[in-house]
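Chain and residue survey
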Amino acid sequence: MDKNIIIKIIGLLSLLGFFACGSGSGGSGNGGAFVDAPELNNTDPVANENSVLLGEAILAIFDTNMNAADNTSFVVHGSQTGELPGTYTGGGTDTLRFDPDNRFKIGEEIEVSLTDLLTSTQGVALEAPVVFRFRAEAIGGMADFTAADTIAGQTNAAGLASGDWDGDGDIDLAVANSGGSRVDILINDGTGDFTVVDTIANQTNAAGLAAGDWDGDGDLDLAAANAGGNRVDILINDGTGDFTAVDTIANQTNARALAAGDWDGDGDLDLASANGGGSRVDILINDGTGDFTATDTVGSQSNTQDLTSGDYDGDGDLDLASANSGGSRVDILINDGMGDFSIGDTIGGQANVQGLTSGDWDGDGDLDIAAANFGGNRVDILVNDGMGDFAIGDNIPGQTNAQDVICGDWDGDGDLDLASANRGPSRVDILINNGIGDFTAADTIPNQTDTEALDAGDWDGDDDLDLASANFGGNRVDTLENQP
């Protein structure tokens, strides 16, 4: 064979060897050979699903075989229960499975974090974490509500949170008493009768609450937005419903509201704080033990009153939306996946907007928003195109001084309905969804004095979603029972 041909063949083989052993950016593998990072193909339940069976397993399906998962790489949080224990299977296959030890709570929002600790059987880590959410089903309900229990002595009740504080299986409440500068813990006896059992003092003009398992010990903790104290306090639960303030995030100017979620995809729950006075949203990152650090600030927020969160652009991380009362607009704050947020879309014409909630109103698989327009006496439905761009869809008029809005499946038909707190006429309206994002006022609960906030849970254990209303002017919390 010609010598020059031999030299060319040797050169070609060397070149091929370089690519086989090179250090490409997508992964590494056996003997130095380049291996692509595993990709998530699908999940079951899918992201933003509205009515998942209460005991359903969670599947993560990849494009290659994966090593076994555990509670650091495949983390599941329940909004009313904390970090969920369960059994992991599927190691060595392309489908990892989590079976929860206990069924989800009625209407509970479940958050799943697939962290970069997940690796393929070839030893390559997930290229980027994935965080998604879905909601558990409500089995029944007529969307016909009756005032059932009144918890008095809640001085200027301004905020609510719900969860199983004492681990007994039923859903309890927490109340931010703005006038009393305290947070009260209301324990449920399982039938929907609540008793104040703990008080966390020195919560200066407490305005908003968020619940989550900040320290990863399996029970639900709280965070309180202290509007008067310009701070956020972290209240750690001992598992029995006894809370202690353990951490303070200062410089939260007139902190009005909080949102919780795994912003950086590491498996623990972080916070976002609406600084009404500072016209900004601060991102508070958790180190996994309940110690939070402000790491990012989104400015140009005009008198922000509320926050909601979800994956608005469908890229596998959690974004935020802010209610800018001063600017009469809603801003969409897009996450880069590492907890750094920037303003994406802006929805104007939201007159003195006070409250927000997120859900898939039209059943197309992406997250929409509802906005309580206090000045406009209405609730606006903001429909997502799937990429985080929103347009005003339906408009529910007659919501006089709408202060807050929340979602849940009140009638048990599998889609998400709304409830709005009408502060002017002191009532709560029930807004029923026809499944495509058109809402109709179907029930009214009167005598709700200056209602400031709403929350939902199955207080009486009958498998439908009930409501609770914080009556700021009435210094009380009313529970509103859904008829089965």
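Residues numbered from 1 in each chain as written. Predicted model: local features only at pLDDT ≥ 70, side-chain atom pairs only at ≥ 80, totals over all residues. Heavy atoms only, no water.

A look at the overall build of the chain
Looking only at helices and strands, one finds one helix and 36 strands in the chain. Taking 2.2 N^0.38 as the reference for a compact globule, 484 residues should give roughly 23 Å; the C-alpha atoms of the chain span a radius of gyration of 24 Å, in line with that estimate. C-alpha atoms of the chain, sized along the principal axes, occupy 100 × 45 × 45 Å. Summarising the internal contacts of the chain: among those between residues at least 6 apart in sequence, 50% fall at separations of at least 24. When the accessible surface of the chain is summed, it comes to about 17,100 Å², and 48% of that surface belongs to carbon and sulfur atoms. One finds the centroid of the 16 positive side-chain charges in the chain at a distance of 7 Å from the centroid of its 86 negative side-chain charges. (Helix = DSSP H or I, 4+ residues; strand = E, 2+ residues; numbered from the N terminus. Rg over C-alpha atoms; globule rule 2.2 N^0.38 Å. Contact = heavy atoms within 4.5 Å. Areas by Shrake-Rupley, 256 points an atom, 1.4 Å probe, with all protein chains shown as cover. Lys, Arg positive; Asp, Glu negative; His and termini not counted. Charge placed at Lys NZ, Arg CZ, Asp CG, Glu CD.)

Points about the confidence of the model for the chain
Low-pLDDT stretches of the model should not have their predicted coordinates read in fine detail. Averaged over all residues, the pLDDT of the chain equals 93, while 93% of them reach at least 70. In the model, residues 1–26 has pLDDT below 50 throughout and makes 14 contacts with residues more than four positions away in sequence or in other chains. (pLDDT = per-residue confidence, 0-100.)

Examining the sheet that holds strand β8 (residues 130–135)
Adjacent strands of a sheet form backbone hydrogen bonds with each other and so pair up, either parallel or antiparallel. Here we have four strands laid out as an open sheet, ordered β4-β3-β7-β8, and antiparallel in their pairing. Either end of the sheet is taken by a strand with one partner, and the two such strands are β4 (82–83) and β8. Alignment of strand β3 (residues 74–78) against β4, held across two bridges, turns out to be antiparallel. Following the sheet pairing, G78 is matched in β4 by G82. (Pairing = 2+ DSSP bridges.)

Remarks on the pairing of strand β7 (residues 109–114)
Extensive coverage of β7 is indicated by the burial of five of its six residues. Bridging between β3 and β7 involves five bridges; their strand directions are antiparallel. Bridge pairing in β7 places V76 opposite V112. The pairing of β7 with β8 spans six bridges and is classified as antiparallel. In the strand pairing of β8, E109 is matched with R135. (Buried < 20%, exposed > 50% of the residue type's maximum accessible area, 1.4 Å probe, protein only.)

Here we look at the sheet that holds strand β31 (residues 417–422)
In spatial order, the strands read β30-β31-β32-β33; together these four strands make up an open sheet with antiparallel pairing. Across the chains shown, the open sheet's two edge strands, defined by having one partner strand only, are β30 (402–408) and β33 (439–445). Averaged over all adjacent pairs, the angle separating strand axes in this sheet is 25°, with direction ignored. (Axes fitted to C-alpha atoms, helices over the stretch in contact; angles between N-to-C directions.)

Comments concerning the nonpolar core
Core analysis: the biggest nonpolar cluster contains 39 residues, and I58, F74, V112, L114, W410, I430 and L467 have the highest contact counts within it. If we skip the residues at most four places from it in the chain, F74 touches I58, A60, A69, Y88, L96, R97, F98, V112, S113 and L114. (Core = buried A, V, L, I, M, F, W, Y, C linked by side-chain atoms within 4.5 Å.)

Observations regarding the packing of aromatic side chains
Per the counting criterion, the structure on display carries 11 aromatic pairs. Between F74 and Y88, the ring centres sit 5.7 Å apart and the planes meet at 65°, which makes this aromatic pair edge-to-face. A residue pair is termed long-range when its members are at least 10 positions apart, and F74 in strand β3 and Y88 in strand β5 (residues 86–89) qualify at 14 residues. Taking the ring centre of F472 as reference, the NZ or CZ of R423 above it sits at 4.9 Å. (Phe/Tyr/Trp six-rings, centres within 6.5 Å; stacked < 30°, edge-to-face > 60°. Lys NZ or Arg CZ within 6 Å of the ring centre and 35° of its normal.)

Details of the pattern of salt bridges
Overall, the coordinates contain 12 salt bridges when judged by the stated rule. Its salt-bridge partner being E111, residue R133 comes within 2.9 Å of it at the nearest N-O pair. With R133 in strand β8 and E111 in strand β7, this pair connects stretches of sequence that are 22 residues apart. Across the pair, exposure class does not vary: R133 and E111 are buried alike. Its salt-bridge partner being D478, residue R476 comes within 2.9 Å of it at the nearest N-O pair. Taken individually, R476 and D478 each receive the classification buried, so the pair is uniform in this respect. (Salt bridge = Lys/Arg side-chain N within 4 Å of Asp/Glu carboxyl O.)

Thoughts on a negative patch on the surface
On the surface, D36, E39, D63, D94 and E127 cluster together into a patch of negative charge. Its location among the elements puts D36 in the loop between α1 (3–21) and β1 (40–44). Using a relative accessible area of 56% as the deciding quantity, one classes D36 as exposed. (Patch = residues over 30% accessible without salt bridge, like charges linked within 9 Å, V, L, I, M, F, W, Y side chains within 5 Å.)

Details of the pairing of strand β29 (residues 390–397)
In the sheet, strand β28 (residues 378–384) pairs with β29 via six bridges, with the strands oriented antiparallel. For V379, the partnering residue across the bridge sits in β29 and is I396. The turn linking β28 back onto β29 is made up of five residues, and G386 within it adopts a positive phi angle of 100°.

Examining the side chain of N50
By the element assignment, N50 lies in the loop between β1 and β2 (58–62). At 3.2 Å, the side chain of N50 and the backbone oxygen of D360 are in polar contact. When sequence neighbours within four positions are dropped, the list of residues in contact with N50 reads R135, A136, D360, G414, D415 and L416. (Polar contact = N/O pair within 3.5 Å; in protein donor to acceptor, adjacent residues only side chain to side chain.)

Notes on the side chain of N226
Relative to the elements of secondary structure, N226 occurs in strand β15 (residues 221–226). Side-chain polar atoms of N226 contact the backbone nitrogen of T204, separated by 2.5 Å. If sequence neighbours within four positions are ignored, N226 has contacts with N202, Q203, T204, N205, A206, R231, D233 and A255.

As for the environment of D70
With respect to the helices and strands, D70 occurs in the loop between β2 and β3. What makes D70 partly exposed here is its relative accessible area of 36%. Expressed as a C-alpha distance, the spacing of D70 and L117, which sit 47 residues apart in the sequence, is 9.3 Å.

Observations regarding unusual backbone geometry
Residue P45 is bonded to the preceding D44 through a cis peptide linkage, with omega at 5°. Its place among the elements puts P45 in the loop between β1 and β2. The backbone of N303 sits at a positive phi, close to 55°, despite the residue not being glycine. With respect to the element layout, N303 can be found in the loop between β21 (292–298) and β22 (304–310). Unusually for a residue other than glycine, N377 sits at a positive phi of about 55°. Within the fold, N377 resides in the loop between β27 (368–373) and β28. The class for N377 is partly exposed, based on a relative accessible area of 30%.

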